[in-house]
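Spelled out from the first residue to the last, the chains are:
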Amino acid sequence: QINNCSNDAIPGGGQVVALKKLGSATIAPAHATIEILDHIRGAKSGTVPVSVMLDGEFGLTNVVLGVPVHLGFNGMISVEEIALSENEKIALSAAADAIRKRLGLT
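About the criteria used
- Residues numbered from 1 in each chain as written.
- Predicted model: local features only at pLDDT ≥ 70, side-chain atom pairs only at ≥ 80, totals over all residues.
- Heavy atoms only, no water.
- Salt bridge = Lys/Arg side-chain N within 4 Å of Asp/Glu carboxyl O.
- Helix = DSSP H or I, 4+ residues; strand = E, 2+ residues; numbered from the N terminus.
- Buried < 20%, exposed > 50% of the residue type's maximum accessible area, 1.4 Å probe, protein only.
- Pairing = 2+ DSSP bridges.
- Axes fitted to C-alpha atoms, helices over the stretch in contact; angles between N-to-C directions.
- Polar contact = N/O pair within 3.5 Å; in protein donor to acceptor, adjacent residues only side chain to side chain.
- Contact = heavy atoms within 4.5 Å.

A.B. asks: Would you take a moment to explain the pattern of salt bridges for this structure?
C.D. replies: Any two side chains of opposite charge can pair, given that their charged atoms come close. Evaluation of the coordinates by the stated rule reveals four salt bridges. The residue Lys 89 makes a salt bridge to Glu 86 at a minimum N-O spacing of 4.0 Å. Here the residue Lys 89 and the residue Glu 86 both occupy positions in helix α4 (residues 86-102), the gap between them amounting to three residues, near one helical turn. In this structure Lys 89 comes out as partly exposed when scored by relative accessible area, which is 42%. Among the salt bridges present, the one from Asp 97 reaches Arg 100, with a minimum N-O distance of 3.3 Å. Highlighted residues: Asp 97 and Arg 100, both in helix α4, separated by three residues, approximately one helical turn. Assessed through its relative accessible area of 41%, Asp 97 is described here as partly exposed.

Shown next, in the form of structure tokens:
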């Protein structure tokens, strides 16, 4: 079920663009921005997925990845290290490696 959701999410932006018949998808980024601002200003609590530089969280360092984060008025409070299955850990590490490679950091 998780794999199906992941596979559906990957082409999701392109599907929105195709349906709207416009050159870009703006609703999802606008919604994400509002959600982040609500967390920063204290209107919402809990975690929100944002891209941050990891410093040992999930066993990764010196790479920016989207992870669940607690935000506050001064920005990031902490990364929420949720429990990951072994396959999820491997996938997250592979994503980190791919980002480092793309940026020429490997």
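Having seen the structure, we can now continue with the description.
A.B. asks: Sorry if this is basic, but what is going on with the pairing of strand β2 (residues 61-72) here?
C.D. replies: Within a regular strand, side chains alternate between the sheet's two faces. Relative to β2, strand β1 (residues 47-55) runs antiparallel, the two sharing nine bridges. Each bridged residue has a counterpart across the sheet, and for Val 50 the counterpart in β2 is Val 67. In this structure, the hairpin formed by β1 and β2 is closed by a connection of five residues, where Gly 56 is found at a positive phi of approximately 105 degrees. Alignment of β2 against strand β3 (residues 75-79), held across four bridges, turns out to be antiparallel. In the strand pairing of β3, Gly 72 is matched with Gly 75.

A.B. asks: Explanation requested: the sheet that holds β3 in the structure shown.
C.D. replies: The strands that make up a sheet pair up through hydrogen bonds in the backbone, lying either parallel or antiparallel. Taken in spatial order, the three strands of this open sheet run β1-β2-β3, and their pairing is antiparallel. On the outer flanks of this sheet lie β1 and β3, each paired with one strand and no other. Each strand axis lies, on average, 55 degrees off the axis of its neighbour in the sheet, ignoring direction.

A.B. asks: Teacher, can you tell me more about the side chain of Arg 100 here?
C.D. replies: For Arg 100, a relative accessible area of 16% translates into the label buried. Among the polar contacts listed, one links the side chain of Arg 100 to the backbone oxygen of Thr 61, at a separation of 2.7 Å. Ignoring any residue separated from it by four or fewer positions in sequence, one finds Arg 100 in contact with Thr 61, Asn 62, Val 63, Leu 105 and Thr 106.

A.B. asks: So what exactly am I meant to see when it comes to the environment of Ser 78 here?
C.D. replies: The topology assignment puts Ser 78 in strand β3. On a C-alpha basis, the gap between Ser 78 and Pro 68 in space is 8.9 Å, while along the polypeptide they are 10 residues apart. Dropping the residues within four chain positions of it, Ser 78 is found in contact with Val 69 and His 70.

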